[in-house]
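# Observations on the model geometry
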Amino acid sequence: MTMTDRPFTVIENHWITLADGTRLAARIWMPDNAEVDPVPAVFEFLPYRKRDGTSPRDESTYPLFAAAGIAGVRVDIRGSGESDGVIDGEYTELELANACELIAWIAAQPWSNGSVGMMGISWGGFNCLQVAALNPPALKAVISIASTVDRYNDDIHYKDGCHLSAQLSWAATMLAYQSRAPDPELVGDRWREMWMERLENEPFFMEEWLQHQRRDAFWQHGSIGDDFAAFKIPAMVIAGWADGYRNTPLKAVEGLGDKAKALIGPWVHKYPHFAWPKPRADFHGEAISWWNRWLRGEDNGIETLPQVRAFMLDGPKPATRRDVDPGFWVSKPAWQQPDMQCFYVEQFGTLMEGMPIPHAPEHPVFLKSPLDTGTASGEWFTLKPDAEMALDQRGDDGGSMVFQTPVLTADHDFLGRPELTLTVRAHAELANLCARIVDIHPDGTATRVTFGVLNLAHRDGNAEPQAMVPGEPTQIRLVLDACGYRFQAGHRIRLSLSTAYWPMLLPPPVDEGVTIDLASVGLAMPLLGEHLTFEMKQPNNPDPLPKYIEHKPGVTKRQVVRDLSADRTDYCITEDTGLFEHPGTGLSTRQLRDEVWSISPSDPLSMTGRSVWTCDMQRPGWFVRTVSTATIACTATEWLIGGSVIGYEGETKVFEKTFEKAVRRDLM
């Protein structure tokens with residue numbers, strides 16, 4: 001028998017009691033005879049419900065780890081799934097302390113060899129980096145996917161001082177997750193008492209997030225980029241170009257040096273072995289080698305991987321679904337800050353290679369985008385390769401100031417973060433600025449390559465924003481998100497500037513526009529430079545997710561509705577997961593999301609958002625439903641948030657609460 005075919009047992013639910021008496025629920029994949037032949041373990045700590053939330057992806061990965069002699073320990077955070085208590089927020093001191101206690105518990109078990117790895121995507125990717133920075137002794141390595149080292153600028157809340165609509169969307173999502181009942185099959189008759197405790201006491205996360213509209217100690221907590229030196233262990237950091245967390249792998253290698261390995265694919269917010277768009281990556285093979293090297297000391301050479309591996313997109317076109325993106329894999333043995341190729345705007349508006357002309361006469365142009373500019377932006381973080389990804393940019397470019405190069409006579413390859421510099425005169429104390437780099441195909445199709453946004457009050461940093469002085473020329477530096485992209489010969493590079501990017505960004509309370517000095521515009525694009533090309537190993541299983549019993553299919557729909565008579569634009573999202581039954585547990589679940597963002601293109605105070613989640617759980621003779629609603633509106637001085645949670649047992653309403661809060665706007 002080899003380490004790749006070791007038999008294992010799935011422990012469907014195991015209670016782990018913390019020092020404070022709280023019982024947390026774990027699902028464990030345990031190699032057989034581990035108490036005779038102790039094994040390393042990989043730990044994942046999430047609020048997304050191991051029983052019915054993350055079970056498909058867990059069941060695609062942990063059995064393979066266990067067959068390779070690596071235990072998998074998937075634990076629900078307190079107040080989630082079957083775990084006791086009520087969640088107290090994102091990445092709180094309590095959560096991280098609980099994680100450290102769980103790592104020590106795992107390492108002390110008779111089946112453990114004393115070495116633990118921690119892994120996850122999104123929340124689990126965040127907290128494994130944060131826990132590693134606390135240096136629990138048994139934690140030897142991490143794999144972090146779709147995560148951040150800067151909670152303020154690279155997560156769903158704010159981006160360089162701009163308020164992301166994803167903040168409400170995610171607050172609504174978490175309200176829905178935390179409102180769901182535990183499974184009576186695991187917790188017994190306590191399920192209803194536990195459910196009522198959650199419904200009564202769960203926080204509305206957005207209320208706390210809005211109390212911190214600048215980068216203060218709240219966001220510094222858990223932002224490992226503020227102190228990379230505290231991070232001592234190897235980290236594999238993975239993301240996708242189509243996802244909002246695309247900056248993290250390069251930031252990690254820049255901050256952690258040779259402790260970090262970066263992998264960036266074309267993907268949405270999914271694990272690389274089943275992500276879209278393809279091509280995928282053999283995540284399981286690499287992860288097992290990673291764990292074997294760092295958790296059991298196997299000399300397999302995984303530490304010699306190039307520091308950066310990235311997929312270079314090669315002219316993909318927007319589509320209603322992108323199953324495969326064209327491109328090629330490159331590697332950088334050691335990452336260095338790239339050389340930059342500079343562009344400037346000449347007097348007739350063409351984007352030309354070279355530096356802006358020193359002391360050129362000012363060339364002022366006024367920009368005030370319609371407030372509904374941005375409906376082709378897609379989601380900030382994407383879960384599906386459909387209209388959640390950025391669409392053809394020509395519509396948004398109609399509300400933007402655009403500059404483009406002549407037709408390129410050779411391919412241009414870029415990898416890294418572009419930078420834009422320019423001088424602006426704001427016409428009010430507040431304004432947002434969005435910059436997009438767009439690939440213009442020969443047929444006119446416009447593919448968004450990357451973008452960056454800036455609340456101009458945050459021009460000198462996010463900790464102490466300062467209002468703009470109307471009419472005063474101000475130099476601005478805007479760093480765009482990382483990209484890996486080839487602009488083909490025959491294409492053009494376009495720079496698009498707008499003062500709105502809705503619904504991704506919520507508007508400031510005033511909309512007076514800005515004047516841009518075209519003579520000052522400088523764009524620096526990061527050159528790919530010296531590199532190696534390679535073929536990424538593909539997953540052995542092209543369809544790795546388990547199949548559940550379908551009782552009702554899922555549906556997804558996105559619409560933009562422009563009511564010309566009412567001068568209103570609505571961005572509407574409908575998502576229905578369908579009703580699916582887990583064949584092993586008999587539990588059927590369904591979630592419906594109904595979200596609408598509205599704005600008048602001429603009135604920033606008309607902005608509203610409403611997200612409603614309906615979550616069903618059922619077995620023969622048992623049915624529960626929660627309906628969670630979150631809303632946002634605004635005045636010139638306040639954010640107005642509110643919502644409700646309703647619980648049903650069968651057809652009977654058994655719980656209802658409503659809440660509302662006004663939070664003062666803070667230069668936003």
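Our subject is the structure that appears above.
The structure contained in this document is the topic of the report that follows. Small disclaimer: the values here were computed from a predicted structure and weren't measured. (Residues numbered from 1 in each chain as written. Predicted model: local features only at pLDDT ≥ 70, side-chain atom pairs only at ≥ 80, totals over all residues. Heavy atoms only, no water.)

### A word on the pairing of strand β34 (residues 652-664)
The sheet contact formed by strand β33 (residues 638-649) and β34 spans twelve bridges and is antiparallel. If you follow E638 over to β34, its bridge partner there is R664. In this structure, the hairpin formed by β33 and β34 is closed by a connection of two residues, where G650 is found at a positive phi of approximately 65°. (Pairing = 2+ DSSP bridges. Helix = DSSP H or I, 4+ residues; strand = E, 2+ residues; numbered from the N terminus.)

### Here's the deal with the sheet that holds strand β16 (residues 401-404)
Taken together, the four strands give an open sheet; going across it, the order is β16-β23-β19-β20, and neighbouring strands pair in antiparallel fashion. Single-partner strands in this sheet number two, and they are β16 and β20 (446-455). Along the sheet, successive strands turn relative to each other by an average axial angle of 15°, direction set aside. Summarising the sheet, strand β19 (residues 432-440) and strand β23 (residues 492-498) pair through seven bridges and their orientation is antiparallel. For A435, the partnering residue across the bridge sits in β23 and is L497. (Axes fitted to C-alpha atoms, helices over the stretch in contact; angles between N-to-C directions.)

### So, the packing of helix α1 (residues 55-67) against helix α10 (residues 283-296)
Viewed as axis vectors pointing N to C, α1 and α10 meet at an angle of 45°, and their least axial separation amounts to 11 Å. Classed by the angle they form, the pair α1 and α10 counts as oblique. The handedness of the crossing between α1 and α10 is right-handed. Contacts between α1 and α10 involve S60, T61, L64 and F65 from the first element and H284, A287, I288 and W291 from the second. When the residues that make up the contact of α1 with α10 are grouped by side-chain class, the tally is five nonpolar, three polar and no charged. (Parallel < 35°, antiparallel > 145°, perpendicular 65-115°, else oblique. Left-handed = near helix turned anticlockwise from the far one by under 90°. Contact = heavy atoms within 4.5 Å. Nonpolar A, V, L, I, M, F, W, Y, C, P; charged D, E, K, R; others polar.)

### Description of the environment of F487
Locating F487 in the fold gives a position in strand β22 (residues 483-487). Sequence spacing of F487 and H441 is 46 residues, and the spatial spacing of their C-alpha atoms is 9.0 Å. Leaving out residues up to four positions away in the same chain, F487 has contacts with L408, A410, D411, H412, F414, I437, V438, D439, V449, R492, I493 and M525.

### Observations concerning α1
The end-to-end C-alpha separation of α1 is 18 Å, in line with the 18 Å expected for 13 residues at 1.5 Å each. Among the 13 residues that make up α1, eleven are buried, leaving the element largely enclosed by the rest of the structure. Turning to α1, its buried residues number three or more, namely S55, R57, D58, E59, S60, T61, Y62, P63, F65, A66 and A67. Buried-residue contacts for α1 involve β1 (8-17), β2 (23-31), β3 (39-46), β4 (71-76), β5 (112-121) and α10. Directly beyond the C-terminal end of α1, a positive phi value near 85° is found at G69. (Expected span 1.5 Å × (residues − 1). Buried < 20%, exposed > 50% of the residue type's maximum accessible area, 1.4 Å probe, protein only.)

### Let's talk about helix α3 (residues 123-132)
Every α-helical turn comprises 3.6 residues, leaving residues that sit three or four positions apart pointing alike. With respect to burial, α3 is a largely interior element, ten of its ten residues being buried. Turning to α3, its buried residues are W123, G124, G125, F126, N127, C128, L129, Q130, V131 and A132. Residues of α3 that are buried sit in contact with β3, α2 (93-108), β5, β6 (139-145), α4 (166-179) and α7 (205-210).

### Some details on the environment of S331
Within the secondary structure, S331 sits in strand β12 (residues 327-332). Residue S331 is classed as buried on the basis of its relative accessible area of 5%. S331 sits 23 residues away from V308 along the chain, and the two C-alpha atoms are 5.6 Å apart.

### Things to note about the pattern of salt bridges
Counted under the stated rule, the structure contains 55 salt bridges. Its salt-bridge partner being E379, residue R593 comes within 3.3 Å of it at the nearest N-O pair. One end of the pair, R593, is in strand β30 (residues 588-600); the other, E379, is in the loop between β15 (364-367) and α11 (394-397), with 214 residues separating them in the sequence. Take R593 and E379: they sit in the same class, and that class is buried. Taking the shortest distance from any N to any O, the salt bridge between R394 and D392 comes out at 2.9 Å. The class for D392 is partly exposed, based on a relative accessible area of 24%. Put simply, E12, R27, R51, E59, D183, E185 and R619 are held in one network by salt bridges that share partners. (Salt bridge = Lys/Arg side-chain N within 4 Å of Asp/Glu carboxyl O.)

### Description of the packing of aromatic side chains
Tallied over the entire structure, the rule returns 29 aromatic pairs. Between Y271 and F283, the ring centres sit 5.3 Å apart and the planes meet at 70°, which makes this aromatic pair edge-to-face. Here the residue Y271 occupies a position in the loop between β10 (260-265) and α10, and F283 occupies one in helix α10, the gap between them amounting to twelve residues. Across the pair, F283 and Y271 agree in class, each one buried. Linked through ring pairs, Y48, Y91, W123, F126, W170, Y177, Y245, W380 and F381 together constitute an aromatic cluster. Positioned above the aromatic ring of W294, the side-chain terminus of R293 is 4.4 Å from the ring centre. (Phe/Tyr/Trp six-rings, centres within 6.5 Å; stacked < 30°, edge-to-face > 60°. Lys NZ or Arg CZ within 6 Å of the ring centre and 35° of its normal.)

### Comments concerning the packing of α2 against α3
A pair of packed helices is characterised by two quantities: the angle between their axes and the separation of those axes. Two numbers describe how α2 lies on α3: the axes approach to 10 Å, and their chain directions differ by 75°. By the angle between their directions, the pair α2 and α3 is classed as roughly perpendicular. Every residue of α3 that contacts α2 at E95, L96, A99, C100 and I103 is listed here: W123, N127, Q130 and V131. Per-class residue counts for the contact of α2 with α3 are six nonpolar, two polar and one charged.

### Considerations on the environment of Q618
Tracing the backbone shows Q618 in strand β31 (residues 603-619). For Q618, a relative accessible area of 25% translates into the label partly exposed. Q618 sits 28 residues away from R590 along the chain, and the two C-alpha atoms are 9.1 Å apart. When near neighbours in sequence (up to four residues on either side) are disregarded, Q618 contacts L579, G586, L587, S588 and F623.

Everything listed is a geometric property; what it means functionally is a separate question.
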